[in-house]
Every structure is written in structure tokens, then in C-alpha cells.
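One-letter residues, chain by chain:
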Amino acid sequence: MSDVKSFIRAALMKPGLKRLWEAVRAKYESLGRVGGNVVLIGATLDEQEAIGALLGINLFGETQIKVPLARLEAALLQSRFGLTLGDALAALFGEVATREDVRAERQRLESEFRAYLESTGGDLGPWLEAMWAGRAPGRGLVAEWRKLFAEIGQVPPLEAVLRVLRALDPPPDPPVRLPILAARHFGDPHALDRTNPAGRALFAWLAWRYGALGADEPDSAEIAEGAAQDEGTSETVRAWYLRAGIRIDDVSPVVHVANWPGLGASPMAFTLASLDRGTLWRIPPRVMVVENPAVFAELAERSPAPVVCSYGWPNAAVLRLLDLATSAGSELWYSGDFDLGGLRIGRSLWQRYGPKFVPWRFRHDMYDSLAKFGRVSLSEEERTHLARLQDALWDAELAVNMLTFGVKVFQEQFVDTLVEDAMEVAAPPR
């Protein structure tokens, strides 16, 4: 700080003037000019004396002091400093950015950011332009890129993703596995996972290029409703990656089956890759599907009916098996928990398989008969989401009754009934 500014600061920033200058600075930044008033409530004796001396008036006994900024500037100009109010604030606080200054700086940065996207994007410019304009998925990404550009003048994560996308033109044949692609370009096999910025950008490009999605990424409500829970492993999304020459994990997604024709009674696990190789040759006319492993184990041990376990939300291997079964004419008898998650899973399968979906002990009459045994209450958040499902289920009364009773009922509580059903289904015709 120069000697002059130090002298001004020492003279003007007395303890009794500190609150005044903070209020004046805020008013000046807001208006962008000298105008309006500031009011100090509960002014102390020191403030009364210091402000009165600065303005040349007697303020003793005034606990509420109103100071017009024009009068304050006039006093400064007539003082030994001969300062405008803007010069005084600059000496006290450094450069003071008015609201207009902030708006102009924001517009300048936005213009420079857009120019950067255009120059960096090159052949991928139409995608970036669509994201910037809100016509493609990735609104949150653009906001992150804009913030990073304001800080360092470039967006290294975007530039890295653009290099990956250009390496995928044309798509590699045979396709490259996603972790290997990430390791080659980032030195990190998880860099292109959807939980990471580069992976989110890759997914946004795939959705724009192959998915024809709307402008918004899934928000928290959509994720809570189950709409986005399986985006990374659904067959549709896998097809996007594959068209770009990328293979995503086909080993981790596993489906457990028991009592499958030709495979014996013991539970077995199949990966997505093994299902794609035609592991299951014989398809039963009816497949029992449950979401919980303990219930699956009981059914596998106590009945000969073919049963599949989804382990909660169905992964890609579960969906592939169910697709194979329904394509061959099988009915899917699905039973889930009477809670928000169970209803969401049931809804997704009902919407996917239509008339092939059979709600197995998964209607309002079953829930009503068991509600008295419910010990776990629905939370307020669960009740809110459940209300949204009332008109989107196979049973119009189910969600309504669950809201009325306000409790959850789990498969483990009626597993014996499921076993009896499975025994009857598997019994030879008389």
C-alpha cells in the first residue's frame, strides 16, 4: 500500500467509522454510484463522535444515524484529502466492484468461455454448442467447466475427453473395454466411470450422439424414482457404448437362478457375458422372480420351481435373462417388498414386460392382509415419493393402501406363502 493510501486509511478507518464504511461500501457496490443512504442502528458513543466529526455535524445522543452518500462525498471533497467517495473506498478496501462491474465481468467471461468452447471443440463443436445452449444432456457439466475456466482460463478435463472422443472416430474394432480406454488416456482405469467428470462427459456425448435424450441430466427426483438407477448397465446404454466402440463391464453383472431346466436344482450364477454366449438353452414357461437373496434361497431349497433373484434393482444380467425368457414366451411372476424400492422395481419390470409381467402376491389384497404385521413405518420422504406412484402401478389401490396403513411389509414376512405357490406352480398337471 502506498504512503498516501496508508495515511488515508489510518485517518478514515477509525474504530468509530468501521461500521459506517462497511455499510457505505455495500450500498456503493449495489448502486454503482454515489446515491441513497445508509443507516446505522444502535450507534455507540464512539460512532456518534467519529461520524459527526467526519460530516461536520453534532450527532451526540443519536443512536440511529442516517448518512446520505452524497453528503458523505461532499464532506470528503471538502476535507484535507479532497477525495471522491469512490477514491476513498478504493483506498480503504482496494478496488470496489459495483454490481454493473460484476455484470460486465460475468458477460466478458461468458463470451470468452464460449469462444474457448468453439475453438477447442473443433469437429465436436456442435455437441458443445448443444450443451451450452441446453439442447443436450450435460447442463451440470457446463456449469463446472465454466467455473474452472474462470479460475484458470482453460478446462483440462474437457480437453482430455475431446481427445478420447477423437480417438473413437472411427469406433475401434474390436471394441475396447472402458477401463482399458481410460487407462490409456488418463493413466486411471476409473477416469471414465460415470461417477467421475470425464466419465460424465463421455456419457453426455453418448446420450447426445446416440440417445436423442432431452436437455436435462437425471435430477435427484428422477434418480429417487428409479428412472436413472440402472443407466450405467441398461441394455440401451450398453448399446450406446458399443456403437462408439466401447465395451462396458459384462462380467460384474450377475444373475442367480435355481431349478432351471437342464441345470439342476442348486443355485447358479451367470454373468452377462455368459448369457450372451447362450448358456441357458431351455426356457421354462414360468419364471418366479424375487428381489431378496434370503427369499430366493428358501424358494430354491423348498420348491422345484425355476426362480431368479434380482438382488434389488435388476442389473444388466438380470434384465438379459428376463428378456430371453419373455422372448421365448415365459411369464414373469414377480414378488417384491411392499416398500418404495419394491414398488419401483415392480413398476420398471411391469413397464418393460407388459402382459408377461404377473404380480405375484404383490397386490393390495396381499398387503392389506399383512399390514397388521408391519413394524417399519414409511418415512415422510417415502410417503411423498409413494404418492407419485399411485397412478403408475399395475394395481391402482396398492400405493393408496400403503399410504393409509403407513407401514412396510417385506418378502421375508410371507415367504412361506411364496413357497406354497411355487410348489403348486411346479407340480405336474393332474
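Because the structure is predicted, anything quoted here is derived from the model rather than measured. (Residues numbered from 1 in each chain as written. Predicted model: local features only at pLDDT ≥ 70, side-chain atom pairs only at ≥ 80, totals over all residues. Heavy atoms only, no water.)

Attention now goes to the overall build of the protein chain. Along the protein chain, the regular secondary structure elements total 21 helices and 12 strands. Against the globule reference of 22 Å for 430 residues, the protein chain gives a C-alpha radius of gyration of 34 Å, more extended than a compact globule. Considered along the principal axes of its C-alpha atoms, the protein chain spans approximately 110 × 60 × 30 Å. A burial count over the protein chain gives 44% of its 430 residues as buried. Counting only contacts in the protein chain whose residues sit at least 6 apart along the sequence, the fraction spanning at least 24 positions is 67%. For the protein chain, the accessible area works out to roughly 21600 Å², and carbon and sulfur atoms hold 53% of it. Between the mean site of the 47 positive side-chain charges and the mean site of the 56 negative ones, the protein chain shows a separation of 3 Å. (Helix = DSSP H or I, 4+ residues; strand = E, 2+ residues; numbered from the N terminus. Rg over C-alpha atoms; globule rule 2.2 N^0.38 Å. Buried < 20%, exposed > 50% of the residue type's maximum accessible area, 1.4 Å probe, protein only. Contact = heavy atoms within 4.5 Å. Areas by Shrake-Rupley, 256 points an atom, 1.4 Å probe, with all protein chains shown as cover. Lys, Arg positive; Asp, Glu negative; His and termini not counted. Charge placed at Lys NZ, Arg CZ, Asp CG, Glu CD.)

Structurally, Arg 320 can be placed in helix H16 (residues 316-327). Since its relative accessible area comes to 18%, Arg 320 is described here as buried. For Arg 320, the contacting residues outside a window of four places in its chain are Glu 235, Leu 272, Leu 275 and Asp 276.

We now examine helix H7 (residues 125-132). For an α-helix the count is 3.6 residues per turn, leaving residues at separations of three or four pointing the same way. Looking at H7, one finds that the buried residues are Gly 125, Trp 127, Leu 128, Ala 130 and Met 131. Gly 134 lies just past H7 and shows a positive phi near 80 degrees.

As paired elements, strand E5 (residues 254-258) and strand E6 (residues 268-271) share 4 bridges and run antiparallel to each other. For Val 257, the partnering residue across the bridge sits in E6 and is Met 268. Looking at chain direction, E5 and strand E8 (residues 307-309) are connected through 3 bridges and run antiparallel. Of the residues in E8, the one forming a bridge with His 256 is Cys 309. (Pairing = 2+ DSSP bridges.)

Our next topic: the pattern of salt bridges. Evaluated as defined, the whole model comprises 15 salt bridges. For Glu 47, the salt bridge identified is with Arg 19, shortest N-O distance 2.9 Å. Note that Glu 47 is positioned in helix H3 (residues 45-55) and Arg 19 in helix H2 (residues 18-31), a separation of 28 residues in sequence. Residue Glu 47 is classed as buried on the basis of its relative accessible area, which comes to 7%. (Salt bridge = Lys/Arg side-chain N within 4 Å of Asp/Glu carboxyl O.)

Another point: the packing of H7 against helix H8 (residues 139-152). In the contact formed by H7 and H8, the axes pass within 9 Å of each other and the chain directions differ by 95 degrees. Judged by the angle between their axes, H7 and H8 are roughly perpendicular. On H8, the residues touching Trp 127, Leu 128, Met 131 and Trp 132 of H7 are Leu 141, Val 142, Trp 145 and Arg 146. Across the contact of H7 with H8, the residue classes tally to 7 nonpolar, no polar and 1 charged. (Axes fitted to C-alpha atoms, helices over the stretch in contact; angles between N-to-C directions. Parallel < 35°, antiparallel > 145°, perpendicular 65-115°, else oblique. Nonpolar A, V, L, I, M, F, W, Y, C, P; charged D, E, K, R; others polar.)

Once that is clear, we can look at the confidence of the model for the protein chain. A residue-level look at the protein chain finds 91% of positions with pLDDT of 70 or above and a mean pLDDT of 87. Helix H12 (residues 220-224) is the least confidently modelled element of the protein chain, averaging 36 in pLDDT, while strand E10 (residues 357-359) averages 97, the highest of any element. Every residue in residues 214-233 scores below 50 in pLDDT, and together they form 46 contacts with partners more than four places removed in sequence or on other chains. (pLDDT = per-residue confidence, 0-100.)

Turning to the pairing of strand E1 (residues 37-41), a few remarks are in order. Burial along E1 is one-sided: Val 38 and Leu 40 are buried, and none of Asn 37, Val 39 and Ile 41, which face the opposite way, are. Two strands pair when backbone bridges link them, and E1 and strand E2 (residues 64-68) are joined in this way by 5 bridges, in the antiparallel orientation. Bridge pairing in E2 links Val 39 to Lys 66.

Our next topic: the packing of helix H15 (residues 293-302) against helix H21 (residues 415-426). Put simply, H15 and H21 touch, their axes get as near as 10 Å, and they point 40 degrees apart. On the basis of the axis angle, H15 is oblique to H21. For the element pair H15 and H21, the recorded crossing hand is right-handed. For the pair H15 and H21, the contacting residues are Val 295, Glu 298, Leu 299 and Arg 302 in the first and Val 415, Asp 416, Leu 418, Val 419, Ala 422 and Met 423 in the second. By residue class, the composition of the contact of H15 with H21 is 7 nonpolar, no polar and 3 charged. (Left-handed = near helix turned anticlockwise from the far one by under 90°.)

Okay, the nonpolar core next. Ranked by internal contacts, the top residues of the largest apolar core, which has 59 residues, are Val 255, Leu 299, Phe 338 and Leu 386. Excluding residues that lie within four positions of it along the chain, Val 255 makes contacts with Met 268, Ala 269, Phe 270, Leu 275, Val 308, Cys 309, Ala 317, Val 318 and Leu 321. Grouped together as the second largest cluster of nonpolar side chains are 41 residues, Val 142, Leu 158, Val 176 and Ala 198 included. (Core = buried A, V, L, I, M, F, W, Y, C linked by side-chain atoms within 4.5 Å.)

The next point concerns unusual backbone geometry. Cis geometry is adopted by the peptide bond preceding Pro 170, which originates at Asp 169 and carries an omega value of 5 degrees. Looking at the element boundaries, Pro 170 is found in the loop between helix H9 (156-167) and strand E3 (176-177). Following Asp 173, the chain continues into Pro 174 via a peptide bond in cis, with omega recorded as 5 degrees. Here Pro 174 is to be found in the loop between H9 and E3. With a phi angle near 50 degrees, Arg 361 is a residue other than glycine that sits in the positive phi range.

This brings us to the environment of Pro 68. Structurally, Pro 68 is set in strand E2. Among the residues examined, Pro 68 registers a relative accessible area of 28% and is labelled partly exposed. The spacing of Pro 68 and Asn 37 is 31 residues in sequence and 4.2 Å in space, taken between C-alpha atoms. Dropping the residues within four chain positions of it, Pro 68 is found in contact with Gly 36 and Asn 37.

A word on H8. With 14 residues, H8 extends 20 Å from end C-alpha to end C-alpha; this agrees with the ideal 20 Å at 1.5 Å per step. Along H8, the positions that sit buried rather than exposed are Leu 141, Val 142, Trp 145 and Phe 149. Buried residues in H8, looked at end-on, bunch into an arc of 95 degrees, giving them a common side. For H8, exposure combined with an orientation more than 90 degrees from the buried face picks out Arg 139, Lys 147 and Glu 151. Gly 153 lies just past H8 and shows a positive phi near 80 degrees. (Expected span 1.5 Å × (residues − 1). Arc of directions from axis to C-beta.)

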